[in-house]
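# Examination of the molecular architecture
The lines below spell out each chain.
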Amino acid sequence: MSEAIERIQSAIRGNKIQVFMKGTRSFPQCGFSAATVQILEELGVPFGTTDVLADPELREEIKRYSNWPTIPQVYVDGKFVGGCDIIRELYESGELQALVKAAVGQGAQQ
Amino acid sequence: MDAKEVETLIRQGIPDALVEVRDTTGGGDHFEALIVSTMFEGKGLVERHQTVYKALGDAMRVRVHALSLRTLTPAQYENRR
């Protein structure tokens, strides 16, 4: 297993909500990453981020790992949920709030 | 790459699809697309988008920088109108 996969898996395991993005949470380097972070911040839930621009090997590996060609990518409870469009769509329909609540709530009980 | 080319590639992969593609910046690498197909029935959003990405193949990796997707079944499309 490549080291990049290990870094991906440890980020996903370590955070109930994990975002692979361009730039950092405070300084996103792409409009789609910025929009994704903004939605999660609006939900007021804790989430982890990984800057793929700072890790070229991981940036390539994550596309294979998720079978998804673009960044950002959001994982909730270890499962790939989607990129910016899907996060936005789920947020608008209220499904994201439910999904995130279930994941974070579950963590609190453990 | 222009919007028509993107449309053609998507139609090749999803033959029954209604496809509308718009170049959002005029630069030939940022697009948004509305795609309506029976192939999306019973599939979640991740699988639907993966179907579109697969149709685009290498173009998605090399020539398209950003693609915003709206993927609907014919029934969902009817409801929105």
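In this report, the structure presented in the accompanying data block is examined. These figures come from a predicted structure and were not determined experimentally.

## Details of the overall build of chain B
Within chain B, the regular secondary structure consists of four helices and three strands. Counting from the amino terminus, chain B carries its helices and strands in the arrangement α-β-β-α-α-β-α. For 81 residues, the compact-globule estimate of 2.2 N^0.38 gives 12 Å, and the C-alpha radius of gyration of chain B, at 12 Å, lies within 12% of that figure. For chain B, the spread of C-alpha atoms along the principal axes amounts to about 35 × 25 × 20 Å. A total of 81 residues make up chain B; the buried ones form 28% of that total. At a minimum sequence separation of 6, the contacts of chain B that also span at least 24 residues come to 51%.

## Overview of the interface of chain B and chain A
With 10 residues of chain B in contact, the opposing surface of chain A contributes eight residues. Only helix H2 (45-56), helix H3 (58-62) and strand E3 (66-72) of chain B provide two or more residues apiece to the side of chain B that touches chain A. With five residues, the top contributor of residues to the side of chain B that touches chain A is H2 of chain B.

## Topic: the sheet that holds E3 of chain B
Residues and elements named next belong to chain B. One open sheet holds the three strands; their spatial order is E1-E2-E3, and the pairing between them is mixed. Edge strands, defined here as strands with exactly one partner in the open sheet, are strand E1 (18-23) and E3. For this sheet, the mean angle separating the axes of adjacent strands, direction not counted, is 15°. Where strand E2 (residues 30-36) and E3 come together, seven bridges link them in parallel fashion. Residue pairing in the sheet places valine 36 in a bridge with leucine 72 of E3.

## Some points on the packing of helix H1 (residues 3-14) of chain A against helix H3 (residues 56-66) of chain A
Residue and element names in this part refer to chain A. Between H1 and H3, the shortest axis-to-axis distance is 9 Å and the interhelical angle comes to 70°. In terms of orientation, H1 lies roughly perpendicular with respect to H3. Between H1 and H3, the residues in contact are Ala4, Ile5, Arg7 and Ile8 and Glu57, Leu58, Glu61, Ile62 and Tyr65, respectively. Split by residue class, the contact of H1 with H3 holds six nonpolar, no polar and three charged.

Thresholds applied
- Residues numbered from 1 in each chain as written.
- Chains lettered and ligands numbered in written order.
- Predicted model: local features only at pLDDT ≥ 70, side-chain atom pairs only at ≥ 80, totals over all residues.
- Helix = DSSP H or I, 4+ residues; strand = E, 2+ residues; numbered from the N terminus.
- Rg over C-alpha atoms; globule rule 2.2 N^0.38 Å.
- Buried ≥ 20, exposed ≤ 12 C-beta atoms within 10 Å, placed from the backbone.
- Contact = placed C-beta atoms within 7 Å.
- Pairing = 2+ DSSP bridges.
- Axes fitted to C-alpha atoms, helices over the stretch in contact; angles between N-to-C directions.
- Parallel < 35°, antiparallel > 145°, perpendicular 65-115°, else oblique.
- Nonpolar A, V, L, I, M, F, W, Y, C, P; charged D, E, K, R; others polar.

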